[in-house]
Amino acid sequence: MSGSVRHYYAGGNTAKGFYSLYDSVLDGMNRLFILKGGPGTGKSSLMKDIGQRFEEREIDVEYLHCASDNQSIDGVILPQWGVGIVDGTAPHIIEPKAPGVIEEYVNLGTAWDSNVLKEHKKEILELNDLISDKFQTAYHTFAQALAAHDDIEEIYISNMDFNRANELTQELINLFYGDNFLKKGAKVVHRFLGAATPDGAVDYIQNLTQDVEKRYFIKGRAGSGKSTMLKKIAAAGEEKGFDVEIYHCGFDPNSLDMVIIREQGIAIFDSTAPHEYFPDRDSDEIVDMYERCITPGTDEKFAEGIARTTKGYKDKMKEAISYLSEAKALRENLEAIYVDAMDFNEVDRLKEEIFNEMKSIVDSI
C-alpha cells in the first residue's frame, strides 16, 4: 500500500500581510532541517527530490507549498516520524526550540561564489527593495479587498437568523461526535488549504479530502456564518479529545475554510468561490447556510448593493494578485543572479547528507 501524499500551505499572502502558521505545522517535530540561502540556491528542488524519494518508499509525505511561487515548495514533512525540511529564509522565519538537537541549520550559502554575487551587489539590493515594495502593495490591496468583502457580509449578517445558525451548528456537532469522548488529549493543527498566489487562488481541498469517507460542502454567502460554524465544530472536537485539522482562509486568516476530523472520517468545508466544489460522491452532502439561516429574498432585495460591492472586492483581489505576479517576475531576475553563482554539486552533496540522515531515522523505527 502506497503512502499518502498531502498538499497544503503553512504561510500565506493575506489581507493581514504574510501570515505564518509554521508554529502549529511544525509543533512536535523530532528532527527538522532548516535551509538557509538566497533565492535560486536550490532549496525547493532539494526538498522536492527528497520528498519524491520517500514517496517511492511508500512513506506518507506532506508538502508545504509556497504562496509566492506556484512552482516552489517551502517544506517537506514525514508526519509518521516527525521529520522534515523547511525553507527558513524570510518571510517564513522559524525559531528553533532546541538547535542542534531537533533543528539543524543547513547553509546553502556555502555553495555560492561570493565574488560573483558582489559584482551584482547594487542590482541585488535594488531587486530586494522592489520585491518588498510589491509585496507590501499587494498586502495593502488585499486589505482593501477585505474591507469590500466586509461590506458584502454586512448585508447578509443583518438578514441572518442566528438562532437557526446555532441550531444547525449543534445538529452537526451532534452528528459528528454524538456522545463520544476520547480518553486522550486532542492534537490540533492549523494550516492553510489554499493561498492567493501569482497565478490566482489555489487550493488543495480535493487532495486533503480524497481519503475522507464523509464530506460536507458548505454553501452560503459572505457573512452567512460558515466560518463561525466551523470554529464551533473544531472546538467541540478538541473538547471531546478528537484530533482536529483546522484550515484557515488564505485571504482572511481569522476565518476558517475547513475542518477535518480524520478519526471520524469527516471533512466539512466552505465550498464557495474561490474554492467552489460540488458533490461527486454518493456520500457527499451539502449544508446550505443561505437556505437555513438567511431571510428569503435577501439576494433579490439587495441585488444592486451586492453586485456593486462584489465588483469592488473582485477588482481589488485581481489588482493584488497582479502585484504578487510582478513580485514573482522580479524574484526570478534575482534568482538568475544566484543561479549563476552556485555550485550545484555542493548543493547535491548537502541534499544527500540530509536524505541519508532522514532515511536513517525512518529505517531505525
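Residues numbered from 1 in each chain as written. Predicted model: local features only at pLDDT ≥ 70, side-chain atom pairs only at ≥ 80, totals over all residues. Heavy atoms only, no water.

### Comments concerning the domain arrangement of the protein chain
Alright, step 1. Structurally, the protein chain comprises domain 1 (5–112 + 343–363) and domain 2 (161–294).
Alright, step 2. One C-alpha centre belongs to domain 1, the other to domain 2, and the line joining them spans 28 Å.
Alright, step 3. Each side of the interface is counted separately: domain 1 has 22 residues, and domain 2 has 26 residues.
Alright, step 4. Buried area between domain 1 and domain 2, both sides added, is near 1,900 Å², and the carbon and sulfur share of it is 55%.
Alright, step 5. As a salt-bridge pair, R6 and D211 come within 2.9 Å of each other at their nearest N and O atoms.
Alright, step 6. Of all the elements in the fold, those that place two or more residues in the side of domain 1 that touches domain 2 are β1 (5–9), β2 (11–14), α1 (22–25) and β5 (61–65).
Alright, step 7. Here the side of domain 1 that touches domain 2 takes 5 residues from β1, the largest share from any one element.
Alright, step 8. Grouping the amino acids of the side of domain 1 that touches domain 2 by side-chain chemistry returns 9 nonpolar, 9 polar and 4 charged. (Domains from an automatic or database assignment. Contact = heavy atoms within 4.5 Å. Buried area = accessible area lost by both parts, 1.4 Å probe. Salt bridge = Lys/Arg side-chain N within 4 Å of Asp/Glu carboxyl O. Helix = DSSP H or I, 4+ residues; strand = E, 2+ residues; numbered from the N terminus. Nonpolar A, V, L, I, M, F, W, Y, C, P; charged D, E, K, R; others polar.)

### Let's talk about the environment of I34
Alright, step 1. Tracing the chain through its elements places I34 in strand β4 (residues 31–36).
Alright, step 2. Judged by its relative accessible area of 1%, I34 is buried.
Alright, step 3. Taking the C-alpha atoms as reference, I34 lies 39 Å from F278; in sequence the two are 244 residues apart.
Alright, step 4. Beyond its immediate stretch of four places on either side in the chain, I34 contacts V86, G88, I94, E103, E104, Y105 and V106. (Buried < 20%, exposed > 50% of the residue type's maximum accessible area, 1.4 Å probe, protein only.)

### Overview of the side chain of H65
Alright, step 1. By the element assignment, H65 lies in strand β5.
Alright, step 2. Engagement of the side chain of H65 in a polar contact is seen with the side chain of Y204, the distance being 3.2 Å.
Alright, step 3. Every residue in contact with H65, bar those within four places of it in the chain, is listed here: H7, Y8, Y9, S72, I73, D74 and Y204. (Polar contact = N/O pair within 3.5 Å; in protein donor to acceptor, adjacent residues only side chain to side chain.)

### What to know about the pairing of strand β14 (residues 256–261)
Consecutive side chains of a regular strand alternate in pointing toward one face of the sheet and then the other.
Alright, step 1. Judged by how many residues are buried, β14 sits mostly within the fold: 6 of 6 residues are covered.
Alright, step 2. Pairing of strand β13 (residues 244–248) with β14, which is carried by 4 bridges, proceeds in the antiparallel orientation. Directly across from H248, in β14, lies its bridge partner L256.
Alright, step 3. Both β14 and strand β15 (residues 266–270) contribute to a ladder of 4 bridges, which runs antiparallel. When the bridges of β15 are listed, V259 appears paired with I268. (Pairing = 2+ DSSP bridges.)

### Looking at the pairing of β1
Alright, step 1. Most of β1 is tucked away, with 5 of its 5 residues classed as buried.
Alright, step 2. Of the two faces of β1, both are covered, the one formed by V5, H7 and Y9 as well as the one formed by R6 and Y8.
Alright, step 3. Pairing between β1 and β5: 5 bridges, direction parallel. Within β5, the residue paired with Y9 across the bridge is H65.

### Topic: the nonpolar core
Alright, step 1. F142, F176, M229, I233, F251 and I268 are the most contacted members of the largest nonpolar core, which has 59 residues in total.
Alright, step 2. Among residues more than four places away in sequence, those in contact with I268 are L172, F176, Y216, I218, M229, L230, I233, D257, M258 and V259.
Alright, step 3. Core analysis: the second largest hydrophobic core is formed by 28 residues, I34, A67, I205 and L208 among them. (Core = buried A, V, L, I, M, F, W, Y, C linked by side-chain atoms within 4.5 Å.)

### Observations regarding the pattern of salt bridges
Alright, step 1. Inspection of the entire model under this criterion finds 29 salt bridges.
Alright, step 2. The closest approach of N and O atoms between K351 and D348, which form a salt bridge, is 3.7 Å. Of this pair, K351 and D348 both sit in helix α11 (residues 344–364), 3 residues apart, which is roughly one turn of the helix.
Alright, step 3. Between D363 and K359 there is a salt bridge whose closest N-O contact spans 3.0 Å.

### Overview of a negative patch on the surface
Alright, step 1. Among the surface-exposed residues, E123, E126, D129 and D133 lie close enough to one another that they form a single negatively charged patch.
Alright, step 2. Structurally, D133 is set in helix α4 (residues 121–157).
Alright, step 3. Given a relative accessible area of 47%, D133 falls into the partly exposed group. (Patch = residues over 30% accessible without salt bridge, like charges linked within 9 Å, V, L, I, M, F, W, Y side chains within 5 Å. Areas by Shrake-Rupley, 256 points an atom, 1.4 Å probe, with all protein chains shown as cover. Lys, Arg positive; Asp, Glu negative; His and termini not counted. Charge placed at Lys NZ, Arg CZ, Asp CG, Glu CD.)

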